[in-house]
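Listed below are the residues making up each chain.
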Amino acid sequence: MGAELSKTSTMGETSDDPPTSAVLLDNCHFSQVVFNNVEKFYVPGGDVTCYYTLTQNITPRGKDWVGIFRVGWKTTREYYTFMWAPLPADARGGTTVQQQIQFKAYYLPKDDEYYQFCYVDQDAVVRGASVPFQFRAETEDDILVVTTQGEVEEIELQNKNLLKENEELKASCASLQKQTMDLQEQLSKAQELQSRFDSLRSNTEKLELELQSLKKENKCLKDLDDCREPQLLQLKEQIQSVTSDKECLETKLKAALGQIQSVTSDKECLETKLKAALGQIQSVTSDKECLETKLKTVLDQMDQLQSQVLNYEKEVENLSHMDRDKTEQLESLKEENRQLRVTQQQENLNLMKDLEEQKHLFQSLQAKKNEADEENRKLREENDDLLRQVLQAREVSSFSAASQAHAPIPASGGGSLLFGNPYCVAGANLEAGAASASIRKCPMCDDVFPEDIETSQYEAHVQSHLLDCPLCNETFEKSNKQVFEDHMFCHGLE
């Protein structure tokens with residue numbers, strides 16, 4: 001685990017998110033930041049203080065952060081929560097600095113999985129990681145674990161096997177590193193052959209140019225006088241010598257090309273082997289770290305078991321004394337339980353009686369509600385009749401209205417209702433007001449209104465003296481507010 005990441009991104013568009021990356025980790029830098037005083041577990045509901053040391057191999061920057069990761073994470077995007085790492089007073093690097101960060105309890109994990117602190121720089125590179133820990137409360141299992149001698153011997157055997165496997169992995173890692181160095185030496189030799197090939201090619205090109213130049217000179221010499229025949233013979237010999245040298249160089253060039261092809265194929269094979277060896281080294285390194293973590297955990301468990309085995313005999317003696325006390329307490333609790341059952345049965349009988357009384361009361365109130373609903377329906381019908389009479393009275397001529405102004409108003413059938421019909425009186429007064437064409441009088445408070453008042457305003461005034469049920473639209477006078485409240489209580493029992 002641990003790596004320098006080749007691609008950096010952020011989890012959100014805001015600057016409050018830390019720099020993270022989705023690239024898998026391939027190189028280890030965990031030793032540059034060391035976490036100190038990491039507990040095996042932290043109690044939920046409390047703040048957690050993280051202590052760490054910045055070594056001289058890291059230079060802190062403004063966007064560095066410390067995150068809490070669940071064990072088994074693959075990329076830095078998998079953090080659970082984080083805090084920005086404060087810059088030390090001397091941020092030049094090259095010195096060891098002690099730092100600390102406090103994580104608030106509200107942002108910490110609520111499960112009992114294993115987590116670890118990780119220090120991530122602003123390039124999303126992991127520079128340090130802590131040992132695993134948990135968020136859980138302390139229990140008796142953390143204090144006392146009873147283990148037999150056979151289990152202790154089995155754990156010791158597992159510990160020895162893990163140590164042996166660790167040594168084997170270290171030897172395998174050293175062998176792979178040696179193979180890697182050999183492959184790098186072979187690669188350097190191949191590069192040297194490539195440079196020699198380039199040099200031979202350049203020399204061949206120069207010789208070809210010289211040969212062409214000599215051919216041109218030979219052609220010029222043929223045109224000269226026969227007296228220069230000795231020189232011509234000498235030049236022919238030189239040409240033959242150059243030609244033989246050319247043929248020799250061409251032969252060497254072909255051989256060099258063959259060697260280069262062979263070296264190129266060897267180079268590709270070596271690169272393949274090198275990649276495979278690097279993969280094996282990474283796998284071995286990861287296995288080594290995992291085994292070291294397991295070894296440390298096993299050693300801690302061994303220490304705990306040794307201390308717990310020493311305390312086991314004392315605990316057994318204490319438990320034997322406690323057993324007698326518990327037996328006496330159990331007899332006392334049985335007697336109390338019997339008395340509580342008798343009391344509970346009596347309370348249940350009383351509750352059943354109260355429930356029956358409540359049911360009878362509810363049925364009685366329901367019957368009263370049905371009667372009130374029927375009366376309300378009759379009131380609505382009478383109200384509609386009165387409104388129609390008012391409209392008809394307004395259409396009568398002023399003369400006929402004046403002649404009828406002193407006529408007695410017939411009594412409505414509202415007298416038989418439970419609360420009376422306020423619209424009966426209001427309708428009669430409205431009719432008389434329309435007939436006299438002079439004044440309007442409120443049937444509730446006897447207020448007088450001028451002739452030119454709008455009907456909507458007059459009706460709004462009359463309505464202000466009334467209360468409407470929001471559930472069944474039944475109307476009540478405000479003076480009978482207790483009746484209205486009883487009616488609403490009946491709705492509440494439904």
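A few points on the structure. (Residues numbered from 1 in each chain as written. Predicted model: local features only at pLDDT ≥ 70, side-chain atom pairs only at ≥ 80, totals over all residues. Heavy atoms only, no water.)

Here we come to the sheet that holds strand β5 (residues 48-54). Spatial ordering of the open sheet is given by β3-β5-β8, a layout of three strands whose pairing is antiparallel. What marks the edges here is a single partner per strand, and that holds for β3 (33-36) and β8 (97-103). Taking each pair of neighbouring strands and ignoring which way they run, the sheet shows an average axis angle of 30 degrees. Note: β5 against β8, seven bridges, orientation antiparallel. (Pairing = 2+ DSSP bridges. Helix = DSSP H or I, 4+ residues; strand = E, 2+ residues; numbered from the N terminus. Axes fitted to C-alpha atoms, helices over the stretch in contact; angles between N-to-C directions.)

If you walk through the whole model with that rule in mind, you get zero disulfides. Counting only cysteine sulfurs, cysteine 442 is the nearest neighbor of cysteine 445, a cysteine outside any disulfide, at a range of 3.6 Å. Accessibility expressed as a relative area gives 28% for cysteine 445, which makes it partly exposed. (Disulfide = S-S within 2.5 Å. Buried < 20%, exposed > 50% of the residue type's maximum accessible area, 1.4 Å probe, protein only.)

Mapped onto the elements, threonine 55 comes out in the loop between β5 and β6 (65-70). In contact with threonine 55, not counting residues within four places along its chain, are Ser31, Gln32, Val34, Thr95 and Thr96. (Contact = heavy atoms within 4.5 Å.)

A word on the packing of aromatic side chains. Applying the stated criterion to the full structure yields 18 aromatic pairs. With a centroid separation of 5.9 Å and an interplanar angle of 50 degrees, the aromatic rings of phenylalanine 35 and tyrosine 52 are classed as tilted. One end of the pair, phenylalanine 35, is in strand β3; the other, tyrosine 52, is in strand β5, with 17 residues separating them in the sequence. Each of the two residues, phenylalanine 35 as well as tyrosine 52, counts as buried. Ring centres of tyrosine 79 and phenylalanine 82 lie 5.6 Å apart, and the angle between their planes is 80 degrees; this geometry places the pair in the edge-to-face category. (Phe/Tyr/Trp six-rings, centres within 6.5 Å; stacked < 30°, edge-to-face > 60°.)

Honestly, it's all geometry; don't read function into it.
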